[in-house]
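As a plain string of letters, each chain reads:
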Amino acid sequence: PVSPDSFWLKATDQTGTVVATAALSVQRSQGLLDDMRSGRLWYRPDRLPDDWSLMAEVIAAPAAGVIGHYSHGGGVFVEPQWRSSGVGRDLQRICRAMTLRCEGLAFVTGFILEELASRNGGQRIYGYPPGGVEPVLAGYWPVVQRPVRLHLCHMPAAQALTMLSD
């Protein structure tokens, strides 16, 4: 279940136009692997899409290590003309800092598509450590209604706190 510590952030330019968004949820559950397989990470149980049964099998190894309460970032969108400005990275750092205050948080997580992972986006843009970006799903993903190669970005909350202080 998503906690009250979950939120959306938006960045605006001087005129008030939204130039970037980011979302972060704090999951208070037994772990990421079960939340992915059941759909709870993205949907309420009574709201699963009709094609949920078509979802590709989750590659268990990376997700299985994320146990207990964790934050999960998503919904990052940056308008094309702002993409090299660092606003996406800054929003993620703000989201991360806001969730690290949550009691009992064990991990910080997010997903990126293969295209971004192949360009070192998990580290370069979102600040995940080396070894903290691993393939987790290859095939149909109902969330976007198409086949994808999805990578899990993850790190222990204590490491995320240390990285924020650098």
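Before reading on, note that the structure itself is shown above.
Presented here is a report on the structure given in the accompanying data block.

Rules of the game
- Residues numbered from 1 in each chain as written.
- Predicted model: local features only at pLDDT ≥ 70, side-chain atom pairs only at ≥ 80, totals over all residues.
- Heavy atoms only, no water.
- Helix = DSSP H or I, 4+ residues; strand = E, 2+ residues; numbered from the N terminus.
- Rg over C-alpha atoms; globule rule 2.2 N^0.38 Å.
- Buried < 20%, exposed > 50% of the residue type's maximum accessible area, 1.4 Å probe, protein only.
- Contact = heavy atoms within 4.5 Å.
- Areas by Shrake-Rupley, 256 points an atom, 1.4 Å probe, with all protein chains shown as cover.
- Salt bridge = Lys/Arg side-chain N within 4 Å of Asp/Glu carboxyl O.
- Pairing = 2+ DSSP bridges.
- Axes fitted to C-alpha atoms, helices over the stretch in contact; angles between N-to-C directions.

Turning our attention to the overall build of the protein chain. Each helix and strand in the protein chain was counted, giving six helices and six strands. Written out in order from the N terminus, the α and β elements of the protein chain read β-β-α-α-β-α-β-α-α-β-β-α. Since a compact globule built from 166 residues should have a radius of gyration of about 15 Å, the 15 Å found for the protein chain is in line with a globular shape. Overall, the C-alpha framework of the protein chain stretches about 45 × 35 × 30 Å when taken along its three principal axes. Relative to its 166 residues, the protein chain shows a buried fraction of 46%. Restricting the contact set of the protein chain to residue pairs at least 6 apart, pairs at least 24 apart contribute 68%. Entry remark: accessible area of the protein chain is about 8700 Å², with carbon and sulfur atoms responsible for 55%.

Time to look at the pattern of salt bridges. In this structure the tally under the stated criterion is six salt bridges. With a shortest N-O distance of 3.0 Å, Arg37 and Glu57 are connected by a salt bridge. With Arg37 in helix 1 (residues 32–38) and Glu57 in the loop between helix 1 and helix 2 (60–64), this pair connects stretches of sequence that are 20 residues apart. Given a relative accessible area of 40%, Arg37 falls into the partly exposed group.

Within the fold, Gly121 resides in helix 5 (residues 121–124). Along the primary structure Gly121 and Cys153 are separated by 32 residues, whereas in three dimensions their C-alpha atoms are 9.9 Å apart. With near-sequence residues (within four places) excluded, Gly121 lies in contact with Ile112, Leu116 and Tyr126.

We now examine the sheet that holds strand 3 (residues 70–78). If you walk across this open sheet you meet the six strands as 1-2-3-4-6-5, and the pairing is mixed. Edge positions in the sheet fall to strand 1 (7–12) and strand 5 (133–141), since each of these pairs with one other strand and no more. Between one strand and the next, the sheet's axes are offset by a mean angle of 25 degrees, whatever the strand orientation. Sheet strands touched by helix 3 (residues 87–99): strand 1, strand 2 (18–27), strand 3, strand 4 (107–113) and strand 6 (146–156). Its angle to strand 2, the strand with the most contacts, is close to 30 degrees.

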